[in-house]
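Here are the chains, one letter per residue:
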Amino acid sequence: MSGKPSAAHRHLDRPAVQRRSESHLPPHESESITSIPVTPGISQGTYGECPSGIRTLRKAQPESQGYFSRQSSFNSVESPFSARIPLRSTPSQHQHGDVALSGTVLSATFTLPQLLRYRKEGKWELDHTYHCSPHLDSLAYLSSEESPWDHTVIAWTGEINYAPDDASPPHQEPQSSIPDSTTTSLGRHVQADDKLTTKDILITNGSKVALEEKLYNDRIRTLPVWLADERDVTDDGIKLKRQSRWRRYAEHDLCALFHYKQHPPTDGSKAGVRWDDYCRVNEAFADRICEVYKPGDIVVVHDHYLMLLPDLLRQRRPGMYIVFSLELPFPTSELVRCLHRREQILKGILGSDLICFQAFHYAQHFANSCTRILGYAANSRWVESPRARVHMSVLPSGINISKITSLAFARSVDKKYAELSKLYKGYKVIIGCDPMDRFGGVEKKLQAFERFLDRNPSWRQKVVLLQITGPSTAEDEDGDNIVYARKVNDLASSINEEYGSLDFTPVQIHTQKLSQDEYFALLRFGDVAINTCVREGMSTTSLEYIACQRDGHGPLIISEFSGTASSLEEAIRINPWDVGQVADQIKNALTMAPEKRKRMHKALYRHVVEENVELCVSSVLQRLVKVLRLREAGQ
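Calculation notes
Sequence positions are assigned chain by chain, starting from 1 and proceeding in written order. Note on the predicted model: pLDDT of at least 70 is required for a residue's local features to be given, and 80 or more for side-chain atom pairs to be given and counted; whole-chain, interface and lining totals, by contrast, use all residues. Side-chain descriptors were evaluated using all non-hydrogen atoms of the structure, hydrogens and water having been removed beforehand. A carboxyl oxygen of Asp or Glu within 4 Å of a side-chain nitrogen of Lys or Arg is what we treat as a salt bridge. Burial status follows relative accessibility: with a 1.4 Å probe on protein chains alone, a residue under 20% of its type maximum counts as buried, one over 50% as exposed, and anything between as partly exposed. Each helix is a run of DSSP H or I of at least 4 residues and each strand a run of E of at least 2, with the numbering of both proceeding from the N terminus. Two strands pair if DSSP finds at least two bridges between them. Note on method: axes are straight lines fitted to C-alpha atoms, helices fitted across the in-contact stretch only, with angles between N-to-C directions ranging 0 to 180 degrees. What makes two residues a contact is simply this: any of their non-hydrogen atoms within 4.5 Å. Classification remark: right-handed applies to a crossover when, strands pointing away from the viewer, the course from the first strand over the helix to the second runs clockwise. Among buried residues, the Ala, Val, Leu, Ile, Met, Phe, Trp, Tyr and Cys ones that are joined through side-chain atoms within 4.5 Å form a nonpolar core. Expected span, for any helix, means 1.5 Å times one less than how many residues it has. Here a pair means two rings of Phe, Tyr or Trp (six-membered ring of Trp) with centres within 6.5 Å. Their orientation is stacked below 30 degrees between planes, edge-to-face above 60, and tilted elsewhere. By the criterion applied in these results, polar contacts are pairs of N or O atoms within 3.5 Å in which, for protein atoms, one can donate a hydrogen and the other can accept it, and in which residues neighboring in sequence qualify only through two side-chain atoms.

The name given to the chain in an unreviewed UniProt entry is Glycosyltransferase family 20, with Trichoderma arundinaceum as the source organism.

Set out below in structure tokens:
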């Protein structure tokens, strides 16, 4: 019988540590857990060293020992259901040296991991329809029977609007073809149709209770954070107004800057409002976490929406074990210095015990920022804050390889694959999946493809660039994305006019959403995949392309400005600003000998399999325990 708490038991007490075959042991003492290496075939604790000594999952070398030895100004809106979830009693402490773990992980992520629909009759519907989010897959893994940890997600409800009465069933709704970035993607369900947006919506107390019960008993157990002004909380319920305001600072200020985009200066009044809302969001999360936290719990804070949260939690619970994980790129210190609230953001992150980045140079940028802005001693492994030494690790996110393979090679995808094969018979197809903004680098891809056709006349009328575009990475307040899209379309038209014909179009740009089957059929079908981003934390599409090419062995061309590139050493890495180089590498990929293609893909596929989402999640938690042990040992 599974040790997951029953629905009835969850209302009586906060769930205890999950029970498995080794039910008497906590995760850090379970042989079935501690015997699992960071990557298959490599012993525990074997991390490679970057030139500066920072730990990574790659190039492991053996070590002598194994990884394991054997009330604020703004409060989250209180819910009637909250009082009905008594906090669990303090768990028995399992000492690991001087580190006591409870076996519980609390994941703080910006919006719900569930797809949420609210019907006008006050009924809630939850669904899990995503297929390409490593962040969501990591939450699902921690909540699964395969995970040794007891897991709860703390998340904002997201913007709540009424669903249409004639909404399609969940399985009939098209998926976005572009994997959204981490927590940014979690709120995409509320933006499905702008016509459904209401300025004000009243959630009655009864509806709140119903949603919280539904979320708490979901397979990804979730405790929602309700965000509203105090004056909008009444005896009847909670009135939600201008809900997108809670996203504004993270998406307008932080996301833009982290992707090297600076907004023009303003009078500062709007920026002040955005910052105040951002602080209130982080304080609300701190309130909610402290309601359920018990000593020995591990709190994992995700991404740029909650950068103040680690320090807020540290102030309230000094002994809390905290990880901060950033899946966006982190910019150079020169850019961070331009951020008006730079000290608060850096100090907020430094409330953590461990900070995880997608690539080595992001950790370097963070260390440099702490030195130049805060005056703290730092290197690429740690920052010496006044409180304690805060460690950093490069732990790139992985994908759920078994899930992706199952989806990509389903019979329904085989049918779409056959249709593509018929449509593009006799042609080589280069595929790209990128957001339609300058960060995605689509125009650089088109420029390089044009240069390739110009240099190689024999390839004209024989190769097609099939470009799928998705939503912008950051909000488009100043209309830059509209101008950029026009530039891309004009460039595509110019190439088609020069090198196309009545029955042949060399550049095909698709802006419509693809179904899940169409998306995976495309990844399976492409002879070459090319990523020309100019700034990106993680390229989910690149990893999924590798997984989908188990039979075709298509080469991957990836921009060195993607955080994923540093962990895909065998891929063809390019500088998207060097149009001539990219054109040459397109030819290289198209003409590569089958045996070389096979060797390249084998190495890349092994990386994707070995560093999948389960091992990446486990590595984060293992690394935290090692950091805590070092701290207790005075190192």
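From this point on, the discussion continues.
Applying the stated criterion across every chain, the model contains 27 salt bridges. With a shortest N-O distance of 3.4 Å, E251 and R247 are connected by a salt bridge. Like R247, E251 is buried. Put simply, R274 and D253 hold a salt bridge, and the shortest N to O gap is 2.7 Å. With R274 in helix 6 (residues 269-292) and D253 in helix 5 (residues 248-258), the pair connects residues that are 21 residues apart, well separated along the chain. Of the two residues examined, R274 and D253, each falls in the buried class. Taken together, the salt bridges that share partners define one network made up of D229, R231, R245, D277 and R280.

We now examine the sheet that holds strand 20 (residues 507-510). With parallel pairing, six strands are arranged side by side in an open sheet as 20-19-18-21-22-23. Whereas interior strands pair on both sides, the edge strands pair on one side only; in this sheet they are strand 20 and strand 23 (572-574). Neighbouring strand axes in the sheet, compared pairwise and without regard to direction, differ in orientation by 20° on average. The sheet contact formed by strand 18 (residues 428-435) and strand 19 (residues 463-470) spans eight bridges and is parallel. Bridged to G432 within strand 19 is Q467. Of the strands in this sheet, strand 18, strand 19, strand 20 and strand 21 (528-531) touch helix 13 (residues 442-455), which is tilted by about 175° from strand 19. Each of strand 18 and strand 19 is contacted by helix 15 (residues 516-525), which is oriented at about 130° to strand 18, the strand it contacts most.

Moving on: the pairing of strand 19. Of all the eight residues making up strand 19, eight are buried; the element is thus mostly covered by neighbouring parts of the structure. The alternating pattern of strand 19 places V463, L465, Q467 and T469 on one face and V464, L466, I468 and G470 on the opposite face, and all of these are buried. Since strand 18 and strand 19 lie parallel, the crossover through helix 13 that links them has a hand, and here it is right-handed.

This next bit is on the nonpolar core. The biggest cluster of nonpolar side chains holds 68 residues, and the ones touching the most others in it are I430, L446, F452 and I586. Top element by residues in this core is helix 14 (residues 480-499). It accounts for seven residues. Contacts of F452, omitting those with residues within four sequence positions, involve W459, V463, A583, I586, K587 and L590. Grouped together as the second largest cluster of nonpolar side chains are 63 residues, V336, I345, A359 and C370 included.

So, about helix 17 (residues 579-591). Here helix 17 spans 19 Å end to end across 13 residues, near enough to the 18 Å set by a 1.5 Å rise per residue. When we look at burial in helix 17, the residues that qualify are V579, G580, V582, A583, Q585, I586, A589 and L590.

What the rule picks out here adds up to 17 aromatic pairs. Aromatic side chains Y424 and F525 sit 6.1 Å apart centroid to centroid with 40° between the ring planes, which places their arrangement in the tilted category. Taken together, the residues Y424 in the loop between helix 12 (411-423) and strand 18 and F525 in helix 15 connect sequence positions 101 residues apart. What makes F525 buried here is its relative accessible area of 12%. Centre to centre, the rings of Y519 and F520 are 5.1 Å apart; their planes meet at 70°, and the pair counts as edge-to-face. Owing to a relative accessible area of 0%, Y519 belongs among the buried residues under this scheme.

Mapped onto the elements, S380 comes out in the loop between strand 15 (377-378) and strand 16 (382-384). Taking the C-alpha atoms as reference points, S380 and A363, separated by 17 residues in sequence, lie 5.7 Å from one another.

As a further point, take the environment of D150. Take D150: it is sitting in strand 8 (residues 150-156). Considered as a pair, D150 and T104 are 46 residues apart in the sequence and their alpha carbons are 4.6 Å apart. Within the structure, the side chain of D150 is placed 3.4 Å from the side chain of R221, a separation counted as a polar contact.

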